[in-house]
Amino acid sequence: MAITASLLPTIPRIFFLYLEPVAITYGMFQNYATRYPVFKLASVTPNSLPIPSLVMPSMAVGYLFNMMLYGLIIMLASPPSKRLLKLHIWILIVADVTHWAGLFSTIAETDPRGWAGVFDTTNWDANVWNLATYPITSLAIKFATLAELFGKIQG
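Since the structure is predicted, the reported quantities are computational estimates derived from the model, not experimental observations.

**Some points on the overall build of the chain**
Phase 1 of the analysis: Looking only at helices and strands, the chain features five helices and zero strands.
Phase 2 of the analysis: Helices (α) and strands (β) of the chain occur, in sequence order from the N terminus, as α-α-α-α-α.
Phase 3 of the analysis: Buried positions account for 42% of the 155 residues belonging to the chain.
Phase 4 of the analysis: In the chain, of all internal contacts separated by at least 6 residues, the share reaching a separation of at least 24 is 75%.
Phase 5 of the analysis: Summing over all exposed atoms, the chain offers an accessible surface of approximately 8,500 Å²; the carbon and sulfur share of this is 70%.

**Some thoughts on the pattern of salt bridges**
Phase 1 of the analysis: Under the criterion given, the structure shown has five salt bridges.
Phase 2 of the analysis: In this structure, Lys142 and Glu20 form a salt bridge, with 2.8 Å as the shortest nitrogen-oxygen distance. Of this pair, Lys142 sits in helix α5 (residues 126–146) while Glu20 sits in helix α1 (residues 10–33), placing them 122 residues apart in sequence.
Phase 3 of the analysis: For Lys142, a relative accessible area of 1% puts it in the buried group.
Phase 4 of the analysis: Using a relative accessible area of 4% as the deciding quantity, one classes Glu20 as buried.
Phase 5 of the analysis: Notably, a salt bridge pairs Asp111 with Arg113, separated by 2.9 Å at the nearest N-O pair.
Phase 6 of the analysis: For Asp111, a relative accessible area of 14% puts it in the buried group.
Phase 7 of the analysis: Via salt bridges that share partners, Glu20, Asp96 and Lys142 belong to a single interconnected network.

**What to know about the confidence of the model for the chain**
Phase 1 of the analysis: Confidence in the prediction for the chain averages 80 pLDDT; 78% of positions are at 70 or higher.
Phase 2 of the analysis: No element of the chain has a lower mean pLDDT than helix α2 (residues 37–43), at 57, and none a higher one than α5, at 89.

**Some points on the packing of aromatic side chains**
Phase 1 of the analysis: Applying the stated criterion across every chain, the model contains four aromatic pairs.
Phase 2 of the analysis: When the centroid spacing of 5.1 Å and the interplanar angle of 75° are considered together, the rings of Phe15 and Phe16 count as edge-to-face.
Phase 3 of the analysis: Taking relative accessible area as the criterion, Phe15 reaches 6% and is therefore assigned buried.
Phase 4 of the analysis: Taking 5.8 Å as the distance between ring centres and 75° as the angle between the ring planes, the aromatic pair formed by Trp90 and Phe143 counts as edge-to-face. On the criterion of sequence distance, the pair formed by Trp90 in helix α4 (residues 82–110) and Phe143 in helix α5 is long-range, its members being 53 residues apart.
Phase 5 of the analysis: Ring pairs connect the aromatic residues Phe104, Trp124 and Trp129, which therefore count as one cluster.

**Focus: α5**
Phase 1 of the analysis: The terminal C-alpha atoms of α5, which comprises 21 residues, lie 30 Å apart, in line with the 30 Å expected from a rise of 1.5 Å per residue.
Phase 2 of the analysis: Among the residues of α5, those classed as buried are Asn127, Val128, Leu131, Ala132, Pro135, Ser138, Leu139, Ile141, Lys142, Ala144, Thr145 and Leu146.
Phase 3 of the analysis: One or two steps after α5, the chain reaches Glu148, where phi turns positive at roughly 60°.

Thresholds, definitions, all that
- Numbering of residues begins from 1 in every chain and follows the order in which that chain's sequence is written.
- Confidence filtering applies because this is a predicted model: local features only for residues at pLDDT of at least 70, side-chain atom pairs given and counted only at 80 or more, and all residues used for totals across whole chains, interfaces and linings.
- Excluding hydrogens and water, the side-chain values take into account all heavy atoms of the structure.
- Counting from the N terminus, the helices are DSSP H or I runs at least four residues long and the strands are E runs at least two residues long.
- Per-residue accessibility, obtained with a 1.4 Å probe over protein chains only, is compared with the maximum for each type, and a residue is labelled buried under 20%, exposed over 50%, and partly exposed between these values.
- Contacts between residues were defined by any pair of non-hydrogen atoms, one from each residue, lying within 4.5 Å.
- Working definition of accessibility: Shrake-Rupley area with a 1.4 Å probe, residue cover restricted to the visible protein chains.
- Any Lys or Arg side-chain nitrogen found within 4 Å of a carboxyl oxygen on Asp or Glu counts as a salt bridge.
- On a scale of 0 to 100, pLDDT captures the predictor's confidence in every residue.
- Two rings from Phe, Tyr or Trp (for Trp, the six-membered ring) form a pair when their centres sit within 6.5 Å of each other. Planes less than 30 degrees apart are called stacked, planes more than 60 degrees apart edge-to-face, and all others tilted.
- A helix is expected to reach a length of 1.5 Å times the quantity of its residues less one.

The following block contains the structure:
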């Protein structure tokens with residue numbers, strides 16, 4: 001029986017079925033193992049945030065995880081549907097934007113300069129760089145897949 005993932009060209013299929021789920025899972029475990037770098041960032045600055053202010057980054061992580069699980073179900077358990085596949089990719093794009101919103105709002109809330117502090121990358125550690133730059137690669141692959149730059153989406 002064919003599945004939705006079979007509609008994708010090889011590179012996007014490998015990305016959506018293996019690389020992105022592994023990267024998301026790794027990032028989530030890394031964040032929890034390093035004591036929530038986003039929360040840690042928020043708690044060590046002079047303008048420490050109360051816990052309710054940190055709900056958005058936490059929700060972004062949960063949303064991203066849910067989209068990963070939802071995506072794997074769509075890719076592996078649904079009958080082939082080009083429309084469903086494209087909608088799924090758009091939902092993952094929204095998840096990447098949500099990821100950035102949570103990260104950058106936390107940086108802005110903890111930096112005395114506000115949103116200007118988001119663009120000052122001199123204080124970013126490796127974890128923050130990873131959280132900020134991974135979605136760029138991910139978005140590029142998603143948009144390239146939708147534009148069929150890797151090959152035609154079947155169906």
